[in-house]
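Reading the structure
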Amino acid sequence: MTNPQSPWQPPHPPAAVPPQVPVGGAAQAPQPAWPQPTQVPPTQGGHPAWPSAPQAHPAYPQAGHPAYPVAGQPAYPPQGWPGAAPPPPAAPRRRGRLALLIAGGLVAVLAVGAGTAWGVSRLVGGGSGDDGLTTAWVLDFPERQDTGLTTYDQQDMFGAWLAGDTVVRAQGDGLLAYRLSDGGQAWGAPAPEGTSLCVAAQAVTEGRGAVAAGSDRSCDTVAGFDLASGKLTWQAKFPAPAREGRDALAAPDLSVAGQQVIVRSGDTMIGFSLADGKRLWRTTGEKLLPGRDCGFKDMRAAADLVVVTYGCSTGGEVDGVDPATGKVRWRQRLPETKVTDGVLSVRPLISLPGLGHESYTVRDPRTGRQTGSFTDPVDGTELWDVPPNRSNAIDGPAVYQFLADDDTLYYPTFPKNVPNSGRSANQIIAIDLATGKQRWISSGHSASKVELIRRDEQGLLAWETGDRRKLPPRLVRIDPATGKVSPVAKGPLSAGFEGEEAKVMERDGVVVIVPWKHVVADRAITVLR
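Here we summarise the structure given alongside this text. Predicted model, so just to flag it, every value in this text is computed and none were measured.

Re the state of the cysteines
Counted by the stated rule, this structure contains two disulfides. Covalent S-S linkage joins cysteine 294 and cysteine 312, the inter-sulfur distance amounting to 2.0 Å. Because the torsion about its S-S bond is 105 degrees, the bridge between cysteine 294 and cysteine 312 counts as right-handed. A residue pair is termed long-range when its members are at least 10 positions apart, and cysteine 294 in strand β17 (residues 294-302) and cysteine 312 in strand β18 (residues 305-312) qualify at 18 residues.

Focus on the environment of serine 229
Among the secondary structure elements, serine 229 is positioned in the loop between β11 (219-226) and β12 (231-237). A sequence separation of 43 residues divides serine 229 from alanine 186, and the C-alpha atoms of the two residues are 9.8 Å apart. Reaching out from serine 229, the side chain makes a polar contact with the backbone nitrogen of lysine 231 at a distance of 3.2 Å.

Brief notes about the pairing of strand β27 (residues 408-412)
For β27, the tally of buried residues reaches five of five residues, placing the bulk of the element in the interior. Residues Thr408, Tyr410 and Pro412 of β27 are buried on one face, and the alternating residues Leu409 and Tyr411, pointing to the opposite face, are buried as well. Pairing geometry for strand β26 (residues 403-404) and β27, over two bridges, is antiparallel. Its bridge partner lying in β27, alanine 404 is registered against leucine 409. Counted between consecutive antiparallel strands, the loop separating β26 from β27 contains three residues. One ladder, built from five bridges, connects β27 with strand β30 (residues 428-432); its direction is antiparallel. Across the sheet, leucine 409 pairs through a bridge with isoleucine 431, a residue of β30.

Points about empty space enclosed by the protein
Within the structure shown, the criterion is met by two cavities of 30 Å³ or more. Considered as a void within the structure, the largest cavity measures approximately 40 Å³ in volume. Lining the largest cavity are Phe497, Glu498, Glu500, Glu501, Pro515, Lys517, Val519, Val520 and Ala521. Here the lining of the largest cavity is composed, by residue class, of five nonpolar, no polar and four charged.

Examining the pairing of β30
The element β30 is extensively covered by neighbouring structure, given that five of its five residues are classed as buried. Here β30 shows two buried faces, one formed by Ile428, Ala430 and Asp432 and the other by Ile429 and Ile431. The antiparallel pairing of β30 with strand β31 (residues 438-441) creates a hairpin that spans five residues between the two strands, and glycine 436 there sits at a positive phi of about 75 degrees.

A look at the sheet that holds strand β7 (residues 174-179)
Read across the sheet, four strands follow the order β5-β6-β7-β8 without closing on themselves; strand pairing throughout is antiparallel. A single partner strand is all that each edge strand has here, and the edge strands are β5 (157-163) and β8 (185-190). For this sheet, the mean inter-axis angle between neighbouring strands, taken without regard to orientation, is 15 degrees. Looking at chain direction, strand β6 (residues 166-171) and β7 are connected through six bridges and run antiparallel. When the bridges of β7 are listed, valine 167 appears paired with tyrosine 178.

Scoring rules and cut-offs
Residues numbered from 1 in each chain as written. Predicted model: local features only at pLDDT ≥ 70, side-chain atom pairs only at ≥ 80, totals over all residues. Heavy atoms only, no water. Disulfide = S-S within 2.5 Å. Helix = DSSP H or I, 4+ residues; strand = E, 2+ residues; numbered from the N terminus. Polar contact = N/O pair within 3.5 Å; in protein donor to acceptor, adjacent residues only side chain to side chain. Buried < 20%, exposed > 50% of the residue type's maximum accessible area, 1.4 Å probe, protein only. Pairing = 2+ DSSP bridges. 1 Å grid on protein atoms, 1.4 Å probe; cavity = no way out; pocket = protein on both sides within 12 Å on 5 of 7 lines; lining within 4 Å. Points joined across faces, edges and corners; volume = space filled by probe spheres on them. Nonpolar A, V, L, I, M, F, W, Y, C, P; charged D, E, K, R; others polar. Axes fitted to C-alpha atoms, helices over the stretch in contact; angles between N-to-C directions.

Written out as structure tokens, the structure is:
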């Protein structure tokens, strides 16, 4: 559960100031290369303790300053995934249009080393007016580069997080951080030469997370990172199937659960320490269920529980596993009519439908026993059918946000076309997990898609995408008791569609939109305040 936020208040526009353009500092010295991977089984090595993510956030500049594109700072050093470089020395601030904005927009990317690239942010200013949000800055998608890794698209986003005063974007060629205040580059950790990111665990613990990387033949390396410092401090190899011919690359399931990183690749599952990459345990489907001809179907982990689903020669299985030890806490055998394709949520524990049935099963996380169920459609309302809240992997985004508390699931409904508009619209349905019945469907939306942001003591916070012609996007609150929508702030038309398939985050009145793919969206990051 995200920490409660204070109610958003629209900022007051500041007095006009002369346009100023921050520029990059001096180049950094090369940093140490990507840490050497621990093989499987890995060696037992310690690493320095992790710093805690900052808790206090500096105040952001108010929107409305006339400004111009920001010059790119030096990109990654040429070797590996380094630790974070110290901030460059401050350069003199310059006025004017900075030499024709450096040849028409500053060059879209700065590429060095192993094909890594910074997108270049552009300060915008202006927008929807006094009663809403304005565009502070946007980040263009990086240009596609010929790296030889034909499986990957560097414009795809695998994960995004707010960390201190930065927004961090995980893309094919590395982890990139930009300052929320002005879009300036904060730090970068590039993928090593000849590899690309292929998965990012969506959850982080105390600012620490995990990604996986590999070649276009196999995604076989997991690495831990620290959002506060920008350092990637460890990596470890795991067994991964090799791509053959024109087959799709198999990406692992990757989750952060408390102080552990759990990797499920093929029929092998391994637990690593989030702090130093030490291998804690390793198991296989055959070891867990000997003689039953069972294989892993899915793995999801959160907090203190790993949930694993299996397909067997007859029927299936759901196991609850301890993330620190790999030991099975509980086991539930499933008949053919209740085999599940995977896990929707760990807390609360909800498993997905399976072949031949449309039932979502609610389970007790302490025992795995069924406590309820619901079927799509719920009381006539169709649910969004993209697997939500999953690790985003090379085969495209499979993340669509839902929220839940102990007794209610808040879930997006299936989008319907809006006549004569060129867009689609949906709502949020609240499902009672005890009865499987609909509590409410949200009302009062604009005719567009809605993206859930978080559940806090004030209710649900969500973003309505709008379009770029006549329907502005909106930040809204949804009453958890009734589903009634209350507008919080209107966004600019230019941000319409940006949040349609995106990670949308909000803090202290700043809305950050990071799309998963360059399909509907025009920008890799849009920041509104």
